[in-house]
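Given next are the chains, with one letter for each unit.
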Amino acid sequence: MFAVDTERREAHEAAAGGAEKRRYVRRMFSEIASSYDLLNHVLSLNIDRGWRRHAIDVLGWERRPQGMYLDICAGTLDVGVELSRRRGFRGSVIAADFAEPMLRAGREKASGAPVRPVVADALQLPFANGAADGALVAFGVRNFDDIDAGLRELVRVLAPGARLVVLDCSTPSSALVRGVYHAYFQHVLPLIGRAVSGHRTAYRYLPESVANFPGAPELAARLERAGLTNVSYRTLTLGVTAVHWGERAAGPGRAA
Ligand SMILES: C[S@@+](CC[C@H](N)C(=O)[O-])C[C@H]1O[C@@H](n2cnc3c(N)ncnc32)[C@H](O)[C@@H]1O
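Given the structure is predicted, the values throughout are model-derived calculations rather than measurements.

J.: Could you clarify how one ought to interpret the overall build of the protein in this entry?
T.: Scanning the protein from N- to C-terminus turns up nine helices and seven strands. Along the first, second and third principal axes, the C-alpha atoms of the protein reach 60 × 35 × 35 Å. Split into buried and exposed, the 256 residues of the protein put 42% on the buried side. Residue pairs at least 24 apart in sequence account for 71% of intrachain contacts in the protein once pairs closer than 6 positions are excluded.

J.: Even after reading the chapter, I still don't get the pairing of strand S1 (residues 68-72), so can you show me in this structure?
T.: In regular strands, side chains alternate between the two faces of the sheet. For S1, the buried fraction is high: four of the five residues fall into the buried class. Here S1 runs beside strand S2 (residues 92-97); their pairing, made up of five bridges, is parallel. Counterpart to Leu-70 in the pairing with S2 is Ile-94. Regarding the hand of the β-α-β motif, the stretch spanning S1, helix H4 (residues 78-84) and S2 is right-handed. Summarising the sheet, S1 and strand S4 (residues 132-138) pair through four bridges and their orientation is parallel. Paired with Ile-72 across the two strands is Val-137, which belongs to S4.

J.: Mind showing me how you'd approach the packing of helix H7 (residues 175-197) against helix H8 (residues 202-211) here?
T.: How two helices pack is summed up by the angle between their axes together with the distance between the axes. Following both chains from N to C, one finds H7 and H8 inclined at 145°, their axes separated by 7 Å at the closest point. Once H7 is placed against H8, the crossing between them reads as right-handed. Of the residues in H8, those touching H7 at Phe-185, Gln-186, Leu-189, Pro-190, Gly-193, Arg-194 and Ser-197 are Ala-202, Tyr-203, Arg-204, Leu-206, Pro-207 and Val-210. Considering only residue class, the contact of H7 with H8 consists of eight nonpolar, three polar and two charged.

J.: What am I meant to see in the site of the ligand here?
T.: In the region of the ligand, 22 residues are neighbours, and Cys-73, Gly-75, Ala-99, Ala-122 and Ala-138 sit closest. Here the element with the most residues in the shell around the ligand is helix H2 (residues 19-43); it accounts for four residues. Tallied by class, the residues present in the shell around the ligand amount to 13 nonpolar, four polar and five charged.

J.: Where do I start with the nonpolar core in this structure?
T.: General note: in soluble globular proteins, nonpolar side chains tend to be found buried as a group. Ala-55, Ile-72, Ala-135, Leu-136, Val-137, Leu-164 and Val-165 are the most contacted members of the largest nonpolar core, which has 73 residues in total. Discounting chain neighbours no more than four positions away, the residues touching Ile-72 are Ala-96, Ala-122, Ala-135, Val-137, Gly-140 and Leu-154.

J.: When you look at the sheet that holds S1 in this model, what are you seeing that I'm missing?
T.: The strands making up a sheet are joined through hydrogen bonds of the backbone, oriented either antiparallel or parallel. Reading across the sheet, the seven strands line up as S3-S2-S1-S4-S5-S7-S6 and stay open at both edges, with mixed pairing between neighbours. At either end of the open sheet lies a strand with only one pairing partner, and these are strand S3 (115-119) and strand S6 (228-236). On average, each strand axis in the sheet is tilted by 15° relative to the strand beside it, whichever way the strands run. Those strands touched by helix H6 (residues 147-156) are S1, S4, strand S5 (158-169), S6 and strand S7 (241-248), and its axis lies near 140° from that of S5. Those strands touched by helix H9 (residues 216-225) are S5, S6 and S7, and its axis lies near 160° from that of S6.

J.: Looking at this structure, how should I read the environment of Arg-178?
T.: For Arg-178, the position within the fold is in helix H7. Every residue in contact with Arg-178, bar those within four places of it in the chain, is listed here: Thr-171 and Pro-172.

J.: Would you take a moment to explain unusual backbone geometry for this structure?
T.: For residues besides glycine, phi is generally negative; the peptide bonds are generally trans as well. The phi torsion at Asn-230 lies on the positive side, around 50°, for a residue other than glycine. Positive phi, normally seen in glycine, also occurs at Thr-237, with a value near 45°. Along the polypeptide, Thr-237 turns up in the loop between S6 and S7.

J.: Whenever I open this one, the pairing of S6 confuses me. Can you help?
T.: Of the strand pairs in this sheet, S6 and S7 are connected by seven bridges, and their pairing is antiparallel. Opposite Leu-236, over in S7, you have Thr-241 as the bridge partner. Following S6, the chain reverses through four residues before pairing antiparallel with S7; Thr-237 in that reversal takes a positive phi of roughly 45°.

J.: Looking at this structure, I do not really get helix H3 (residues 47-57). What am I missing?
T.: Because each turn of an α-helix spans 3.6 residues, side chains separated by three or four positions in sequence point in the same direction. Here H3 has its buried residues at Asp-48, Trp-51, Ala-55 and Ile-56. In a view along the axis of H3, the buried residues occupy a sector of 140°, so they form one face of it. Against the buried residues of H3 lie H2, H4, S4, S5, S6 and S7.

Cut-offs and rules
- Residues numbered from 1 in each chain as written.
- Predicted model: local features only at pLDDT ≥ 70, side-chain atom pairs only at ≥ 80, totals over all residues.
- Helix = DSSP H or I, 4+ residues; strand = E, 2+ residues; numbered from the N terminus.
- Buried ≥ 20, exposed ≤ 12 C-beta atoms within 10 Å, placed from the backbone.
- Contact = placed C-beta atoms within 7 Å.
- Pairing = 2+ DSSP bridges.
- Right-handed = clockwise from strand over helix to strand, strands pointing away.
- Axes fitted to C-alpha atoms, helices over the stretch in contact; angles between N-to-C directions.
- Left-handed = near helix turned anticlockwise from the far one by under 90°.
- Nonpolar A, V, L, I, M, F, W, Y, C, P; charged D, E, K, R; others polar.
- Near = placed C-beta within 6 Å.
- Core = buried A, V, L, I, M, F, W, Y, C linked by C-beta atoms within 7 Å.
- Arc of directions from axis to C-beta.

Below, the structure written as structure tokens:
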């Protein structure tokens, strides 16, 4: 019991934000990289694949199929590889993540695909202003130690009119669904997560990070404040996830 309380406290403190969160997140994903894909698909009952497909569907890459797209917080490269394999896609994807073991764990999936993994922090991206024709972040923004600074940085690297898509966990609006979801997240998920990954706190951090994350309407407002226009969102699977998208307002073009 004491150990469970200690794990809860550690995960709670890690999810709260600040520099400690950044260190915790990077180390934690590096430690669970080898079991990440398996756990993702098991814990979401494989529904996560459909969520990522949905995010790619709203990116609008068809407007510029030869463009350069960013998969930020790319993890094991699922989003970038799926985008690069869409019929008619002739561009390239840069897949950025600050946990190198995650990128390495996904390397084989990208074999032969125009996807280039890059070790980089989403809050300090190594790209020029306006360099990207679009960007996606799947299950990454929730982990930022400063969400608004991270969103501004994502908008900075988009070309005017280019789209940012954010896919992340959300809190269902129905009290009934929220109750079931909460019970699963607090009691079932940490047990399976720990048994498979062997990690003490990673799957306690997950529900804590969702609890600290803004709901879908607030996230939409924060995306607008970060510099996006035409912001829309859709909740998926009874509201346990939400996909948001918006476009960088027209303005100065790409940096020379
Ligand atoms: C839950 S995983 C999502 C991975 C992948 N996008 C997916 O859909 O499965 C979150 C990833 O975000 C990365 N991440 C979190 N904060 C980051 C940051 N500030 N900069 C770069 N990567 C970050 C983590 O290392 C981890 O690989």
